[in-house]
Amino acid sequence: MALVNAGVVVLDCAEPERLAEFYKGLLGAEETDVTANRIEIEGPSGFRLAFRRDVNATPPSWPRPENSLQVHLDLVVADLDEAERAIVGLGGRPVEAKDAAGPHEERGFSDPAGHSFTLRLAVAPTAPKQG
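Scope of this entry: the structure provided in the associated data block. Note that the structure is a prediction, hence the values are computed from the model and not measured.

## Re the pattern of salt bridges
Where charged atoms from two side chains of opposite charge come close, those side chains can pair.
Move 1: Applying the stated criterion across every chain yields a total of nine salt bridges.
Move 2: Here R52 makes a salt bridge to D12, at a shortest N to O gap of 2.8 Å. Of this pair, R52 sits in strand 4 (residues 48-53) while D12 is found in strand 1 (residues 9-13), placing the two residues 40 residues apart along the sequence.
Move 3: By relative accessible area, which is 36% here, R52 ends up partly exposed.
Move 4: Overall, D12 belongs to the partly exposed group, its relative accessible area being 29%.
Move 5: A salt bridge links K24 to E21; the nearest nitrogen and oxygen atoms lie 2.8 Å apart. Taken together, the residues span about one helical turn, with K24 and E21 both in helix 1 (residues 16-27) at a distance of three residues.

Shown next as structure tokens:
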């Protein structure tokens, strides 16, 4: 028997209302719980995020080493260019990273409060070559 039934990723930020709007637009999510200091949203696939007010929140500086990565979201999309346009339109920004390219095309971004996330191109799995 599990001790925990459900979980939610919580991002601390100075303006939870602004961050909730960004992620609602990005994920096609709806608010499920709202208090003065916390907003929780849930996307169509059941993915849940919450945003907790912390007036002293300091945005991560990733990829720079000072105050580096604190939390990281990895989101899968079908079209990187389309998703990037939507993110910028919602108030996010691209983040340059010098990591070596992996097997899938990825792009780094930060949300309006400075939290980093990666968009990863959805690639249909392929079977390894036989022989």
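## Quick look at helix 2 (residues 80-90)
Move 1: Along helix 2, the residues that are buried comprise L80, A83 and I87. What you see down the axis of helix 2 is that its buried residues fit within an arc of 65°, all on one side. Those residues of helix 2 that are exposed and aimed more than 90 degrees away from the buried face are E82, R85 and G89.
Move 2: In this structure D79 caps helix 2, since a side-chain oxygen of it lies 3.0 Å from the backbone nitrogen of D81.
Move 3: After helix 2 finishes, the residue G91 shows a positive phi value of roughly 110°.

## Regarding the pairing of strand 2 (residues 30-34)
Move 1: Strand direction decides the pairing type here: strand 2 and strand 3 (residues 38-42), joined by four bridges, are antiparallel. Paired with D33 across the two strands is E40, which belongs to strand 3.

About the cut-offs
Residues numbered from 1 in each chain as written. Predicted model: local features only at pLDDT ≥ 70, side-chain atom pairs only at ≥ 80, totals over all residues. Heavy atoms only, no water. Salt bridge = Lys/Arg side-chain N within 4 Å of Asp/Glu carboxyl O. Helix = DSSP H or I, 4+ residues; strand = E, 2+ residues; numbered from the N terminus. Buried < 20%, exposed > 50% of the residue type's maximum accessible area, 1.4 Å probe, protein only. Arc of directions from axis to C-beta. Polar contact = N/O pair within 3.5 Å; in protein donor to acceptor, adjacent residues only side chain to side chain. Pairing = 2+ DSSP bridges.

These values are about where atoms sit, not about what they do.
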